[in-house]
Amino acid sequence: MPTAPVSLFSVAAVLLLSASDGSRILAKYYVPLHSTSGNTAASATPTELNPYPTLALQKSFEKGLHAKTQKPASQPGAGDIILYDNKIVVFKQEGDVAMYVVGGAQENEMLLWHVLLGWRDALNILLKNTTDRRTLLENYDLVTLCLDEILDDGIILETDPVAIASRVSRAPTQEVGGAAGLRNLDLSEQGLLNAWEYGRNQLRERLRQGL
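Definitions and cut-offs
- Residues numbered from 1 in each chain as written.
- Predicted model: local features only at pLDDT ≥ 70, side-chain atom pairs only at ≥ 80, totals over all residues.
- Heavy atoms only, no water.
- Helix = DSSP H or I, 4+ residues; strand = E, 2+ residues; numbered from the N terminus.
- Salt bridge = Lys/Arg side-chain N within 4 Å of Asp/Glu carboxyl O.
- Buried < 20%, exposed > 50% of the residue type's maximum accessible area, 1.4 Å probe, protein only.

Caption draft 1: Examining the environment of N139 more closely. Topologically, N139 is positioned in the loop between helix 3 (133-138) and helix 4 (140-150). Sequence spacing of N139 and L126 is 13 residues, and the spatial spacing of their C-alpha atoms is 9.7 Å.

Written as structure tokens, this is what we have:
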């Protein structure tokens, strides 16, 4: 009896929707890169590996998911785990936005939950606990960079929010030199730890490239 191929693929989609009307702020859908069914990503026909190949199908899924998971405004931070459209979905409402991580029906829901919390908490670190719709749109680059640190084509790389936030850094808006620059330096214990972690990762990457 043939056994199913081993795969690290875990996350089918990550969504960031408006909590009020379900409109899309950010959406990333993932398809296993290596499958026995051929190039599913190029087909417009839904398959088991790629159930939402078109924008119309994605928007329909998001609309139905929002209707299924909409929480009252009196429940900030509400979250849950549900089975929707034969997919495990973990979600959490943060103010006027809702965050979703979608996996297959057989996926480990706790693994998906840690992806969601890692993404949310990393954004809270980077945006100083301000994750409303307007702030997320203004810092869209940080939102997507966090996801890139967490996932690679649906494969989970990292879920520790401190590690994620330390790798997602914005270039300084002004020179460090002078009193004004010194005031902008984060000399707290956490800031120094983040700087040390970032430097260690950069050194490791340069050594790897030099080999």
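Caption draft 2: Region of interest: unusual backbone geometry. Phi at N86 is positive, roughly 60°, even though this residue is not glycine. On the secondary structure map, N86 appears in the loop between strand 3 (79-84) and strand 4 (87-94). A positive phi angle, close to 55°, is found at K128, a residue other than glycine. In this structure, K128 sits in the loop between helix 2 (109-126) and helix 3.

Caption draft 3: Highlighting the pattern of salt bridges. Going through the model one piece at a time under the given rule, you end up with 6 salt bridges. In this structure, D121 and R120 form a salt bridge, with 2.7 Å as the shortest nitrogen-oxygen distance. Given the relative accessible area of 23%, D121 is considered partly exposed. With a relative accessible area of 17%, R120 lands in the buried category. Measuring nitrogen to oxygen at the nearest pair gives 3.6 Å for the salt bridge that ties R167 to E158. A network of salt bridges, in which partner residues are shared, links E94, R120 and D121.

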